[in-house]
Amino acid sequence: APTKVTKICCIGAGYVGGPTCAVIALKCPHITVTIVDLNQSRIDAWNSPDFQLPIFEPGLEDVVRQCRDRNLFFSTDVDKGIRDAELIFVSVNTPTKKTGVGAGSAADLNNVERATRRIAAMSTTSKIVVEKSTVPCRTAESMRTILEANSKPNCRFDILSNPEFLAEGTAIADLYNPDRVLIGSLQTPEGLDACESLKGVYANWVPSEHILTVGLWSSELTKLAANAMLAQRISSINALSAICEATGANIDEVAHAVGTDSRLGPKFLKASVGFGGSCFQKDILNLVYLSESLHLNEVAKYWRGVVDMNEWQKRRFGQKVVKELFGTITGKRIAVLGFAFKADTGDTRESAAITLIRDFQSERALVNVYDPQVPQEQIWQDLQEASPSSSLDTIQKHVTVSPSAISALYKSMNKPAFVFDGRLVFGNTERERLANIGFKVISIGRGDSI
Ligand code: UDX
Ligand code: ADP
């Protein structure tokens, strides 16, 4: 029969595990939720008396304030967290492998394996183990083998896949009101019971018609499929943005008109300087690797095109700046407003700003970065990783970090002064206002500079 879950442990207190399990604690006051992580400073930040949480996410602090030390706990005692729980979420990071087999595309499953081995070693009672991290299709199989080979007698492990679809910046709203919750399980009586147990947790606030239950492998693949198709939409609109610039069409008008077709829908059609974030590129590369290992080379090539287009779009934007500034930006001052990969987050993973600034640096421009959510040290670390052959000193000769956006005030700028809108934040009205101040405004996907 399904277990009535009263104690949950989440391994990994990051962008996924933190908000997800904080919301579970809020919506399920009868469940004790413990989020564990090996990283002491991260846990300290979650526990900080003044709620200086390790990640910035609108609405998150409010949730943590309501639940922390009531039924939500943060700890580095991974073993105790595992022992006490009936249900364990594995929400550790699975970055793209940098070396070894599959380097550059396969997911690094080292953290998942470590967490799984810990679960096997520490458990003295049966557990439902839930994959929350995005993992390659069939990872649950490896987890099961590890768990079963290392478990104590009378301990059963049921593995579920429950991918997270929240987007950073809107995580709390997405968790409150998800389009769907997806749970994958083996279609055995035990697998289906485990699935019901987890469904019972979400049923505290998600209407049951929004909880989809499917087979384990379908669930694992759905996460990759959803992200690949979302990213593909952005690469499609970005490819069209280049045509707009060359023809005088306006990408926002095209996107709006295209999006009114109910088969396509209006969302996720914003042309940009390129998508970033920890998921899209990683998950597509994951799909590419999977396709290649299944000898589906045409499929692999197809999805790789989405990433290639994104790389091109990022480089194209940098080149556009150089071209508009009369072919050289050497010694010119460029303010970059925003360093995170999108609005309302401090996360910089795969941010297009990193590529852009690296390209500006190689043209020897003087770059001034402003982002109120990103700590300076993070900016230096990202820029250094992007140019491993340059020392931090060299980078800091070309790049400074500003505490305010004031350095970009028109009065203090050389003329003609330019604004490049890589996110289409300025509509016609704002563009005209900037033009009236004296700026030359150039937007992605618009042939009509003003
Ligand atoms: C994404 C998925 O949306 C989410 O479902 C999944 O769980 C994790 O990956 P996230 O990466 O947090 O979420 O943010 P998202 O809003 O999807 O944006 C990703 C990137 O695409 C950002 O750089 C964003 O600026 C860019 N983007 C998004 C566009 O360029 N145009 C758009 O229309 C939408
Ligand atoms: P995501 O965006 O997937 O949530 P993060 O990097 O923000 O990724 O968070 C993942 C967290 O998982 C990190 O805080 C990391 O310290 C933690 N972690 C990784 N491996 C383990 C492990 N074996 N045991 C406990 N925590 C782990």
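Because the structure is a prediction, the values reported are computed rather than measured.

Engineer: Please clarify how the overall build of the protein should be interpreted in this entry.
Structural biologist: Helices and strands together make up the secondary structure of the protein, namely 16 helices and 13 strands. For a compact globule of 450 residues, the expected C-alpha radius of gyration is about 22 Å, and the protein comes in at 24 Å, within 12% of that figure. In terms of principal-axis extent, the alpha carbons of the protein reach across some 75 × 50 × 45 Å. Expressed as a percentage of the 450 residues in the protein, the buried residues total 42%. Considering only residue pairs separated by 6 or more positions, the protein has 72% of its internal contacts joining residues 24 or more positions apart.

Engineer: Sorry if this is basic, but what is going on with the site of ligand 2 here?
Structural biologist: Neighbouring ligand 2 are 20 residues; G12, G14, Y15, V16 and N111 lie closest to it. The element best represented in the shell around ligand 2 is helix α5 (residues 110-122), accounting for three residues.

Engineer: I would appreciate a short explanation of the packing of helix α13 (residues 352-362) against helix α14 (residues 376-386) in the present structure.
Structural biologist: The axes of two packed helices give the description: the angle between them and the distance between them. Where α13 meets α14, the axes come as close as 10 Å, and the angle between the chain directions of the two elements is 65°. Relative to α14, α13 is oriented so that their crossing is right-handed. Across the interface between the two elements, I354, I357 and R358 of α13 pack against D382, L383 and A386 of α14. For the contact of α13 with α14, the class distribution of residues is four nonpolar, no polar and two charged.

Engineer: Please clarify how the sheet that holds strand β11 (residues 399-401) should be interpreted in this entry.
Structural biologist: Note: strands within a sheet are paired through backbone hydrogen bonds, in either parallel or antiparallel orientation. On the basis of which strands lie adjacent, the open sheet formed by three strands has the order β9-β10-β11 and parallel pairing. The sheet terminates laterally at β9 (333-337) and β11, the two strands that pair on one side only. In this sheet, neighbouring strand axes are inclined to one another by 20° on average, regardless of whether the strands run parallel or antiparallel. In the sheet, strand β10 (residues 366-370) pairs with β11 via three bridges, with the strands oriented parallel. Its bridge partner being in β11, V369 is matched across the sheet by V401.

Engineer: I would appreciate a short explanation of the site of ligand 1 in the present structure.
Structural biologist: With respect to spatial proximity, 19 residues lie near ligand 1, and among them K270, S272, F275, G277 and C279 are the closest. In terms of residue count, the dominant contributor to the shell around ligand 1 is helix α9 (residues 216-247) (three residues). Each residue belonging to the shell around ligand 1 can be placed in one class, and the counts come to 11 nonpolar, four polar and four charged. Both domains that furnish three or more residues to the shell around ligand 1 are identified here as domain 1 (7-206) and domain 2 (225-443).

Engineer: It is not clear to me how the pairing of strand β1 (residues 7-11) should be interpreted in this structure. Could you clarify?
Structural biologist: Look at any regular strand and the pattern is simple: side chains alternate between the two faces of the sheet. Buried residues dominate β1, accounting for four of its five residues. By the bridge criterion, five bridges tie β1 to strand β2 (residues 32-36) in an arrangement that is parallel. Bridged to K7 within β2 is T32. After leaving β1, the chain enters helix α1 (residues 17-27) and then returns to the sheet as β2, a path that is right-handed. Here β1 pairs with strand β4 (residues 87-90) via four bridges, running parallel. Counted as the bridge partner of C9 is I88 from β4.

Engineer: Looking at this model, I keep getting lost on the nonpolar core. Mind explaining?
Structural biologist: One broad rule of soluble globular proteins: the nonpolar side chains tend to lie buried together. Core analysis: the largest hydrophobic core is formed by 113 residues, its most contacted members being I8, I11, A25, I88, V129, I284 and I357. A per-element tally of this core places α9 first, with eight residues. Among the domains, domain 1 (7-206) and domain 2 (225-443) are the pair contributing at least three residues each to this core. Not counting chain neighbours up to four residues away, the residues in contact with I8 comprise C21, I24, I31, V33, A85, L87 and F89.

Engineer: It is not clear to me how the domain arrangement of the protein should be interpreted in this structure. Could you clarify?
Structural biologist: In many reports, interface size means the accessible area that the parts give up when they come together. Taken domain by domain, the protein holds domain 1 (7-206) and domain 2 (225-443). The C-alpha centroid of domain 2 is placed 32 Å from the C-alpha centroid of domain 1. Listed per partner, the contact involves 16 residues of domain 1 and 17 residues of domain 2. Looking at side-chain class alone, the side of domain 1 that touches domain 2 contains 10 nonpolar, five polar and one charged residues.

Engineer: What's the story with the packing of α1 against helix α3 (residues 60-67) in this structure? I'm lost.
Structural biologist: Closest axis-to-axis distance for the α1/α3 pair is 9 Å, and the angle between their directions is 50°. The angle between α1 and α3 falls in the class oblique. Relative to α3, the crossing made by α1 is left-handed. Mapping the contact onto sequence places P19, A22, V23, A25 and L26 in α1 and L60, V63, V64, Q66 and C67 in α3.

Engineer: Before we go on, may I ask you to explain the pairing of β9 in this structure?
Structural biologist: Burial along β9 is one-sided: I334 and V336 are buried, and none of R333, A335 and L337, which face the opposite way, are. Taken together, the five bridges between β9 and β10 define a ladder with parallel strand orientation. Along β10, the bridge assignment pairs L337 with Y370. Note that the unit made of β9, α13 and β10 has a crossover that is right-handed.

Engineer: Honestly, helix α8 (residues 189-202) in this entry has me stumped. Any pointers?
Structural biologist: In an α-helix there are 3.6 residues to a turn, and that puts residues three or four apart on one side. Over its 14 residues, α8 extends 20 Å from the first C-alpha to the last, a length consistent with the 20 Å expected when each residue adds 1.5 Å. The set of residues buried in α8 consists of A194, C195, S197, L198, K199 and V201.

Engineer: Can you help me understand α1 in this one?
Structural biologist: Most of α1 is tucked away: 10 of the 11 residues are buried. Listing the buried residues of α1 in full gives G17, G18, P19, T20, C21, A22, V23, I24, A25 and L26.

Engineer: Would you take a moment to explain the environment of K332 for this structure?
Structural biologist: With respect to the helices and strands, the residue K332 is situated in the loop between α12 (297-324) and β9. Residues K332 and L366 lie 34 residues apart in sequence; the distance between their C-alpha atoms is 5.7 Å.

Engineer: Help me understand the confidence of the model for the protein in this model?
Structural biologist: Note that predicted coordinates carrying low pLDDT should not be read in detail. Residues with a pLDDT of 70 or more make up 100% of the protein, whose mean pLDDT is 95. For this predicted complex, the interface confidence reaches an ipTM of 0.97, while the overall pTM sits at 0.95.

Rules used throughout
- Residues numbered from 1 in each chain as written.
- Chains lettered and ligands numbered in written order.
- Predicted model: local features only at pLDDT ≥ 70, side-chain atom pairs only at ≥ 80, totals over all residues.
- Helix = DSSP H or I, 4+ residues; strand = E, 2+ residues; numbered from the N terminus.
- Rg over C-alpha atoms; globule rule 2.2 N^0.38 Å.
- Buried ≥ 20, exposed ≤ 12 C-beta atoms within 10 Å, placed from the backbone.
- Contact = placed C-beta atoms within 7 Å.
- Near = placed C-beta within 6 Å.
- Axes fitted to C-alpha atoms, helices over the stretch in contact; angles between N-to-C directions.
- Left-handed = near helix turned anticlockwise from the far one by under 90°.
- Nonpolar A, V, L, I, M, F, W, Y, C, P; charged D, E, K, R; others polar.
- Pairing = 2+ DSSP bridges.
- Domains from an automatic or database assignment.
- Right-handed = clockwise from strand over helix to strand, strands pointing away.
- Core = buried A, V, L, I, M, F, W, Y, C linked by C-beta atoms within 7 Å.
- Parallel < 35°, antiparallel > 145°, perpendicular 65-115°, else oblique.
- Expected span 1.5 Å × (residues − 1).
- pLDDT = per-residue confidence, 0-100.

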